[in-house]
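Architecture and fold: a report
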Amino acid sequence: MSDTPQILSVDDSAIIRRIVKNTADLLGFGLLEAGNGQEALDVLKANTGNVNLILLDWNMPVMDGPTTLKNLKESADTANIPVMMLTTEGAKSNIIEAIRGGAKQYLTKPFTPEDLSTRILQCVEMDDF
Amino acid sequence: MTVAINTNEFSELRDFLETQCGIALDESKTYLVESRLTQLLLELGYATFSELNVQLRQARHGGNKALVDQIVDAMTTNETYWFRDGAPYDTLMETILPEFEQQLASGQKKKIRIWSSACSTGQEPYSIAILIHELARKGKGRRLLENVEILATDISRQALMLAKSGRYNRISMARGIEDEFKQRYFENTDTISTLKPDIKNMVTLKQFNLQDPFTTWGNFDLILMRNVAIYFSRDFKKSLYTKVAQTLNPGGYFMLGSSEFLMDCQELYERQTAGRCSYYRVKK
Amino acid sequence: MTATQAQALDAKMVNAISSSVMEVLSSMANTNVTLKSVNARTDYTPIGDISAIIGIMGESGEGMVGLCFNSPLAKMMVARLLGIEPADLSDDDCCDGIGELVNMISGRSKTALSENTGQPFRMSLPTIIKGKGHEIASRPKNTPYLLMFFDAEGQEFVLQVSFKFSN
Ligand SMILES: C[S@@+](CC[C@H](N)C(=O)[O-])C[C@H]1O[C@@H](n2cnc3c(N)ncnc32)[C@H](O)[C@@H]1O
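Rules and cut-offs
- Residues numbered from 1 in each chain as written.
- Chains lettered and ligands numbered in written order.
- Predicted model: local features only at pLDDT ≥ 70, side-chain atom pairs only at ≥ 80, totals over all residues.
- Heavy atoms only, no water.
- Helix = DSSP H or I, 4+ residues; strand = E, 2+ residues; numbered from the N terminus.
- Near = heavy atom within 4 Å.
- Polar contact = N/O pair within 3.5 Å; in protein donor to acceptor, adjacent residues only side chain to side chain.
- Areas by Shrake-Rupley, 256 points an atom, 1.4 Å probe, with all protein chains shown as cover.
- Buried < 20%, exposed > 50% of the residue type's maximum accessible area, 1.4 Å probe, protein only.
- Pairing = 2+ DSSP bridges.
- Right-handed = clockwise from strand over helix to strand, strands pointing away.
- 1 Å grid on protein atoms, 1.4 Å probe; cavity = no way out; pocket = protein on both sides within 12 Å on 5 of 7 lines; lining within 4 Å.
- Points joined across faces, edges and corners; volume = space filled by probe spheres on them.
- Nonpolar A, V, L, I, M, F, W, Y, C, P; charged D, E, K, R; others polar.
- Contact = heavy atoms within 4.5 Å.
- Buried area = accessible area lost by both parts, 1.4 Å probe.
- Salt bridge = Lys/Arg side-chain N within 4 Å of Asp/Glu carboxyl O.
- Axes fitted to C-alpha atoms, helices over the stretch in contact; angles between N-to-C directions.

Looking at unusual backbone geometry
- Of the consecutive residues A:K109 and A:P110, the connecting peptide bond is found in the cis state with omega at 0°.
- The residue A:P110 is located in the loop between β5 (105–108) and α5 (113–124) in this model.
- Phi angles above zero are rare outside glycine, and A:V62 is one such case at about 65°.
- By secondary structure assignment, the location of A:V62 is in the loop between β3 (51–56) and α3 (65–74).
- Positioned with a positive phi, B:S120 is a non-glycine residue whose angle comes to about 50°.
- Relative to the helices and strands, B:S120 is located in the loop between β1 (112–116) and α6 (123–137).

Right, here's the structure in full:
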């Protein structure tokens, strides 16, 4: 178990996870990775209490973002971890579905490095890093 | 359950954004605007647009500044680059900063004050600080280095936190900074580059909404307001550019983003061009 | 669908796709892109070293979008996306990076198209083809298509859209 706060990046694209890693480095977070929702749930189980933020893609194989979100919010262990959607899906209906489902932030791809880091800071409500 | 945005509610919101936040919604990108607004609505914890509008109506009278700031922050991006667009920084290096040095040398001025008025995560003010160091290194800016004040402000608290840290990751460092400067002015690890204190300490960072009066900041010799007025309504821009003219010292310079130009207020400024860069000089 | 309606959809499609291309490449890959020309030349086949094909499905018909990059441009963009030197980029990462950029272009175009036309559209996952100097050959028969020529900081790339109306 580590003391550094952790971000879990859930995305089937390794490229996106690498980009998120750059931002995690900047903010002093560790990075955990999962290629789909099922993997994310497994990673969370192995790191109970150690994940401070989940970045969640929408379209993924095995278990997609909305299903993962539902699972996260239904389990007492994970319900309070802030979730930020990071996805190309940008229609109003998607945003509404995700935020009603408990996501705290919604950032659409493409994004700039500055927007990713400011949104993460907002999401984890940090005042300093 | 969906958030129905009926036309009346939407136009009420639009009106609020325009009159209270100075933000004009871009008609050509309705889908982006609507999704930002929807996101904002839900993030603020409202279930429908009419609920938000009730809050906004109260804000309009009581002046809920925090809500206005939050909305402006959510509707704008923090995208920025080192030495953005190149040409303006060439003009600074070749014309404007040497002139400041000259004014200090001749005793015409005791201090030079520069304001980066929408600085986001700091690349803009720090790029200028780097240029001033470069001039001093070449023996053409020693006085300027000792007698310059750089104020950098933004509405976004998170962007300012990042600017204050002076830390940038590899992706940000791949956006516009030359390797030579990266080696000279940063401490570099594999993943993070941290600005050296000489550069960092030249810049004072403060949170500020451009809608508020400028009176607290004093006068400036150069004001940058780059890539921020793109979101603003014509009326707000007009009042902003008027305030800028009043805040500039006689002959002071004003720089906008490369795709921006002064529509109104032309009588207050004289337009100058150098290569691909246009900038303005206040007439007084 | 009448000829004018088809033309209007074409215009919306060109608009949605080109603005998505510019937005994605600028914000993610820090690459300045401009649309130079749009035409329907039949004597031109896009050639590239890395290309991507995406299917578009909508109520009014279906089609495909092909994007074709030369290798130096692809490397430059993906290196900027990841914040590394082009020389340090492996071929696999370059392909993955292009795949992700195209994925974002496709996602953004889908949202823009659906919201601008009021009809839902779907996009397939991009298929990436690599190989020095290959042609985008799979141009559907009897289907009108448009070529969009872009300039990316002095290098050219081509996007081809074809769309067949179902009625
Ligand atoms: C696109 S960035 C531009 C940054 C930098 N000037 C440049 O050109 O690279 C726009 C910045 O303006 C800030 N901003 C937007 N509205 C503002 C307002 N009313 N007052 C102060 N800052 C504002 C945003 O928070 C954002 O950081």
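Things to note about the site of the ligand
Residue and element names in this part refer to chain B.
- As a matter of local geometry, the ligand sits amid 20 residues, with T80, R84, A118, D154 and N227 nearest to it.
- The contact in question runs from an oxygen atom of the ligand to an N or O atom on the side chain of T80, over 2.5 Å.
- For the ligand, whose free accessible area comes to 610 Å², the fraction covered by protein is 99%.

Some points on the pairing of strand β8 (residues 248–256) of chain B
All names here are of chain B.
- The buried count for β8 comes to seven of nine residues, which makes it a mostly enclosed element.
- Pairing of strand β7 (residues 220–225) with β8, which is carried by five bridges, proceeds in the parallel orientation. Bridged to M225 within β8 is L256.
- Note on the crossover from β7 through helix α12 (residues 234–247) to β8: the handedness is right-handed.
- Sheet topology places β8 next to strand β10 (residues 277–282); two bridges connect them, and they run antiparallel. Paired with Y253 across the two strands is R281, which belongs to β10.

Quick notes on the layout of surface pockets
- Volume-wise, the second largest pocket comes out at about 550 Å³.
- Together, 26 residues line the second largest pocket, and A:D12, C:E100, C:N103, C:L125 and C:P126 are the ones closest to its centre.
- Going through the elements one at a time, α1 (14–27) of chain A together with α3 (91–117) and β4 (121–123) of chain C are the ones with two or more residues in the lining of the second largest pocket.
- If you tally residues by element for the lining of the second largest pocket, the top one is α3(C), at eight residues.

Topic: empty space enclosed by the protein
- Across all of its chains, the model carries six cavities of 30 Å³ or more by this definition.
- As for the largest cavity, its lining consists of A:L26, A:P113, A:E114, A:S117, B:T121, B:Q123, B:L162, B:R167, B:Y168, B:N169 and B:S172.
- At the level of elements, α5 of chain A together with β3 (167–169) of chain B are the ones that each hand at least two residues to the lining of the largest cavity.
- Residues belonging to the lining of the largest cavity are distributed by class as follows: four nonpolar, five polar and two charged.

Let's talk about the interface of chain B and chain A
- Taken together, the 35 residues of chain B in the interface contact 29 residues of chain A.
- The junction of chain B with chain A conceals about 2,700 Å² of combined surface from both sides, 59% of it contributed by carbon and sulfur atoms.
- There are zero salt bridges connecting chain B and chain A.
- Here chain B is connected to chain A by seven residue pairs in polar contact (both at pLDDT 80 or more).

Examining helix α8 (residues 157–165) of chain B
- Within α8(B), seven of the nine residues are buried, leaving the element largely enclosed by the surrounding structure.
- Buried within α8(B) we find B:Q158, B:A159, B:L160, B:M161, B:L162, B:A163 and B:S165.

Re the pairing of strand β2 (residues 30–34) of chain A
All names here are of chain A.
- Where burial is concerned, most of β2 is hidden: four out of the five residues are buried.
- Bridge analysis of strand β1 (residues 6–10) against β2 gives five bridges, and the strand direction is parallel. Residue pairing for β2: S9 is matched across the bridge by E33.
- In this fold, β1 hands off to α1, which returns the chain to β2; that crossover is right-handed.

Details of the interface of chain C and chain A
- Of the residues lining the interface, 18 residues belong to chain C; the matching set on chain A comes to 17 residues.
- For the chain C and chain A pair, buried surface summed over both sides reaches about 1,400 Å², with 60% attributable to carbon and sulfur atoms.
- Taken as a group, C:L82, C:E100 and C:R108 account for 32% of the area that chain C buries against chain A, more than any other trio of residues on that side.
- Taken together, the links from chain C to chain A amount to two salt bridges.

Some thoughts on the sheet that holds strand β2 (residues 148–154) of chain B
Residues and elements named next belong to chain B.
- Spatial ordering of the open sheet is given by β6-β2-β1-β7-β8-β10-β9, a layout of seven strands whose pairing is mixed. Unpaired on one side and paired on the other, β6 (203–207) and β9 (269–274) mark the two borders of the sheet. Here the strands of the sheet are splayed against their neighbours by 20° on average, with no regard to which way each runs.
- In this sheet, β2 lies alongside β1 in parallel orientation, the contact comprising five bridges. What sits directly across from S116, in β2, is A152.

Such coordinate-based values are descriptive only and should not be taken to indicate function.
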